[in-house]
Amino acid sequence: MKGIKKSFTEEHLYLDFSHQIEGCIFPLHTSVTLFLLSYCDCKIFKVCLVLIGASTDISLKNVVLQDVELQIISRQELPPIVQNCCLPAVVEKPDNFCRAGLAVVLRHIIQKSYEADPSKKEILELLGFKKTCLKACAEVSQWTRLCELTIPLAIENFLKESSDRHPAIPVEILQLEKKLSEPVRVHNDDKLRRQKLKQQKAAGVGPSLAKEKTKSKVHRQETSEELDSSSESLELKVAFSKLTVLEEPATTNREPSHIRKAKASDLPPLEHVFAEGLYFTLADIVLLPCIHHFLVIICKKLSEKLMEFPLLAAWYQRIQEVPRVKTAASQCGIQFLHLPELLTPSNEQDSNLSEVPGVEEQNDASFVGGPRPTMTKLMEKGIEVVFSPHPCPTWTLDWNSLPAAVSPKEGKMSSDRALRKQQQLNNLVYVVANQAKPGDRIVDFCSGGGHVGIVLAHMLPSCQVTLIENKELSLIRAKKRSDELGLSNIWFIQANMEYFTGMFNIGVALHACGVATDMVIEHCIKTRASFVTCPCCYGFIQNTSKFNFPKSEQFKKTLSYKEHMILCRFADQTAVQLPPQRRLVGKQCMCLVDLDRARAAEECGYSVQVISMEPESCSPKNNMIVGVPI
């Protein structure tokens, strides 16, 4: 067929399978993945369902997708690299490159489907504006976390509890309803909002999406007939014109003066058509199987509750009008519900939505700004800026004798930057090499292009080194360098680090950004592994679903959250362009932030040192936190 590439690296897609109830395959991550495969009409993966628990009597007929061959295997039959990851996962032959976690795997399926048939541009559009849909990891993006983790898990728990007469509505569903009520922001929203204002002026009052009929006058499932724009909101017109490849006709007419001169604050907000705004994206694909099974239970057992979710119900009806969605749903055993028309939220319901828990604001009436009062406060409690001595400040790898692909110069960077990177690696490699024993497993978290992991794999051939990185292109570059070196003791895993579940002995991270350093340390502590981390981007540190700052009991007794954040913000002021005194204060703040991390690890049974890398000029972020379990 024209436009289709015929040769691909063989890839296996591994999905968890526990059980199936009324067309719903559990866990929901598997249902979501199969739905995307069906929507994309993707047949380039060998799909394996991996049994969870003791289930053995499984009929393939119950779980088979049309035209997709499924194989059922046990956990023990997984390739070793996949046994170290949460599913879903995709593995390339020869089984040393793995992609794991729902968002990473779904984005990969989309990319591969488009590469197989570039004429299907609408598939690539699922990745959204700048191809960033669900790209940010769940730890730093509340939206990714809601779609990828908390909603699927909450719906699974809701379905388990549905045998009760009145299962509790998951708070995550309330959060999604609230999200759908918020104004949409898109890259050209000023232009669209002015068009909406013009439409409203012409019609008297603009229609609300939630008030519109849930079924269009024209059935859109498999057609591209133009809709009667006069009966539709601007948002629907824009959204479905993109889906049906009916772009807005170009016009050279200027907007009327009162539209052009309207203040931004007077423009009407854009309303949600789909989960992320105006356009159908991967987020809608992820949410559809989850919300469908939630609504099935609501309609069966809690029909009076449906009135509380008018926006979610409108979204559910609207998504059925997207081309190929009904076909894909039918292939996956999803039989869409016919919901009654619901009104827009009442004031009382708006009030309930405003009470949905969000990010907690922390106020401190006694807070005094600036780093010096905070540092003085710590000094009064005996907490001072003290670094542990460097174990071997002059040690260096013989870079000239190493193969070219080992050197960071292969990473396409300037000679000055490559030299500084070599100096950074000297520090980390020395510490790791002195801790490692033959047979140890070493994990390079946030590995980027593999500068640390490749050196360690080359220098320690008796150790297994695993690179974990969320950015695909960085990991592909690392694998290319590894292939040039012929390394056989190295794995590559594209995933958020929480999807790596394997045991290991040493964790290392060079310039893990913000709370990523804390995630690395936490991962090592859970496994009782040693850690060698070099933090970065202190200014991005903030409270998350996992971490609250300060972390250690010693710092908690002394500093408030805001005072600790002041240290973090000033810890980023160490750039060489800054005045020396300002850089000194920045270095002191860096040390104090890392001392808090060190004290927290010590409370978990570790011996921890905060060391300054040598030479200090190798990086403005030149601290190392070295921890060994006692």
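Residues numbered from 1 in each chain as written. Predicted model: local features only at pLDDT ≥ 70, side-chain atom pairs only at ≥ 80, totals over all residues. Heavy atoms only, no water.

## A word on the overall build of the protein
(1) Moving on: Of the regular secondary structure elements, the protein holds 22 helices and 14 strands.
(2) Moving on: Within the protein, the fraction of its 630 residues that count as buried is 54%.
(3) Moving on: Total accessible area on the protein is roughly 29400 Å²; 51% of this is exposed by carbon and sulfur atoms. (Helix = DSSP H or I, 4+ residues; strand = E, 2+ residues; numbered from the N terminus. Buried < 20%, exposed > 50% of the residue type's maximum accessible area, 1.4 Å probe, protein only. Areas by Shrake-Rupley, 256 points an atom, 1.4 Å probe, with all protein chains shown as cover.)

## Topic: the pairing of strand β13 (residues 606–612)
(1) Moving on: The element β13 is extensively covered by neighbouring structure, given that five of its seven residues are classed as buried.
(2) Moving on: Judged from the seven bridges that link them, β13 and strand β14 (residues 623–629) form a sheet pairing that is antiparallel. Each bridged residue has a counterpart across the sheet, and for S612 the counterpart in β14 is N623. (Pairing = 2+ DSSP bridges.)

## Focus on the packing of aromatic side chains
(1) Moving on: Counting across every chain of the model gives eleven aromatic pairs.
(2) Moving on: Pairing F294 with F309 gives two aromatic rings, centres 5.8 Å apart and planes at 85°, and the pair type is edge-to-face. With F294 in helix α11 (residues 282–301) and F309 in the loop between α11 and α12 (310–319), this residue pair connects regions lying 15 residues apart in the sequence.
(3) Moving on: Given a relative accessible area of 0%, F294 falls into the buried group.
(4) Moving on: Of the residues examined, F309 reaches a relative accessible area of 1% and is grouped as buried.
(5) Moving on: With a centroid separation of 5.4 Å and an interplanar angle of 55°, the aromatic rings of W395 and Y430 are classed as tilted. Of this pair, W395 sits in the loop between α15 (371–380) and α16 (415–435) while Y430 sits in helix α16, placing them 35 residues apart in sequence.
(6) Moving on: With relative accessibility at 31%, the residue W395 sits in the partly exposed group.
(7) Moving on: When its relative accessible area of 17% is taken as the criterion, Y430 is described as buried.
(8) Moving on: One aromatic cluster is present, built from ring pairs that chain together Y39, F274 and F280. (Phe/Tyr/Trp six-rings, centres within 6.5 Å; stacked < 30°, edge-to-face > 60°.)

## Some words on the nonpolar core
(1) Moving on: In terms of nonpolar packing, the biggest core is built from 82 residues, with F294 and W315 touching the most fellow members.
(2) Moving on: When residues of this core are assigned to their parent elements, the largest contribution, 13 residues, is made by α11.
(3) Moving on: Discounting residues that sit within four places of it in the chain, W315 has contacts with L180, V273, F274, A275, D284, L287, L288 and I291.
(4) Moving on: Counting 61 residues, the second-largest nonpolar core is a separate cluster that includes I81, A100, I525 and Y538. (Core = buried A, V, L, I, M, F, W, Y, C linked by side-chain atoms within 4.5 Å. Contact = heavy atoms within 4.5 Å.)

## Structural notes on the pattern of salt bridges
(1) Moving on: Tallying each qualifying case throughout the model produces 20 salt bridges.
(2) Moving on: Here R99 and E472 are joined by a salt bridge, their closest N and O atoms 2.7 Å apart. Of this pair, R99 sits in strand β7 (residues 97–100) while E472 is found in helix α18 (residues 472–485), placing the two residues 373 residues apart along the sequence.
(3) Moving on: According to the relative accessible area criterion, E472 is partly exposed, its value standing at 25%. (Salt bridge = Lys/Arg side-chain N within 4 Å of Asp/Glu carboxyl O.)

## Considering the environment of C591
(1) Moving on: Checked against the element boundaries, C591 lands in helix α22 (residues 580–602).
(2) Moving on: Along the primary structure C591 and V386 are separated by 205 residues, whereas in three dimensions their C-alpha atoms are 7.5 Å apart.
(3) Moving on: Aside from chain neighbours lying at most four places away, what touches C591 is V385, V386, F387 and N623.

## A look at α12
(1) Moving on: Counting buried positions along α12 gives ten out of ten residues, so the element sits mostly inside the fold.
(2) Moving on: Those residues of α12 lying buried are P310, L311, L312, A313, A314, W315, Y316, Q317, R318 and I319.

## A closer look at the packing of helix α1 (residues 28–40) against helix α4 (residues 102–116)
(1) Moving on: The N-to-C vectors of α1 and α4 enclose an angle of 10°; their axes lie 10 Å apart at closest approach. Put simply, α1 runs roughly parallel to α4. Within the contact between the two elements, α1 uses H29, V32, T33, L36, L37 and C40 and α4 uses L102, L106, I109, I110 and S113.
(2) Moving on: Tallied by class, residues from the contact of α1 with α4 come to eight nonpolar, three polar and no charged. (Axes fitted to C-alpha atoms, helices over the stretch in contact; angles between N-to-C directions. Parallel < 35°, antiparallel > 145°, perpendicular 65-115°, else oblique. Nonpolar A, V, L, I, M, F, W, Y, C, P; charged D, E, K, R; others polar.)

## Let's talk about the pairing of strand β9 (residues 464–469)
(1) Moving on: Most of β9 sits inside the fold, with five of its six residues counted as buried.
(2) Moving on: Pairing geometry for strand β8 (residues 441–445) and β9, over five bridges, is parallel. Residue pairing across strands places R441 opposite Q464, the latter belonging to β9.
(3) Moving on: Regarding topology, helix α17 (residues 451–459) serves as the crossover connection from β8 to the parallel β9, and that connection is right-handed.
(4) Moving on: Pairing analysis gives five bridges linking β9 to strand β10 (residues 490–494), with the strands arranged parallel. Bridge pairing in β10 places L467 opposite F492.
(5) Moving on: Handedness of the β9-α18-β10 crossover: right-handed. (Right-handed = clockwise from strand over helix to strand, strands pointing away.)

## Things to note about unusual backbone geometry
(1) Moving on: With an omega of 0°, the peptide bond between F26 and P27 qualifies as cis.
(2) Moving on: Mapped onto the elements, P27 comes out in the loop between β3 (24–26) and α1.
(3) Moving on: Put simply, K93 and P94 share a cis peptide bond, and its omega is 10°.
(4) Moving on: Relative to the helices and strands, P94 resides in the loop between β6 (89–92) and β7.

## What to know about α4
Structural remark: α-helix, 3.6 residues per turn; residues separated by three or four positions point the same way.
(1) Moving on: Its 15 residues give α4 an end-to-end C-alpha distance of 21 Å, which sits within 8% of 21 Å, the value for a rise of 1.5 Å per residue.
(2) Moving on: Burial runs high along α4: twelve of the 15 residues are buried. (Expected span 1.5 Å × (residues − 1).)

## Some details on the sheet that holds β10
Strand pairing in a sheet relies on backbone hydrogen bonds. The paired strands run either parallel or antiparallel.
(1) Moving on: If you walk across this open sheet you meet the twelve strands as β5-β4-β1-β6-β7-β10-β9-β8-β11-β12-β14-β13, and the pairing is mixed. This sheet does not close on itself; its edge strands, each paired only once, are β5 (70–73) and β13. Each neighbouring strand pair of the sheet contributes to a mean axis angle of 20°, computed without reference to strand direction.
(2) Moving on: On top of the sheet, α1 reaches β1 (11–17) and β4 (45–51); it is set at about 140° to β1, its chief contact.

Such coordinate-based values are descriptive only and should not be taken to indicate function.
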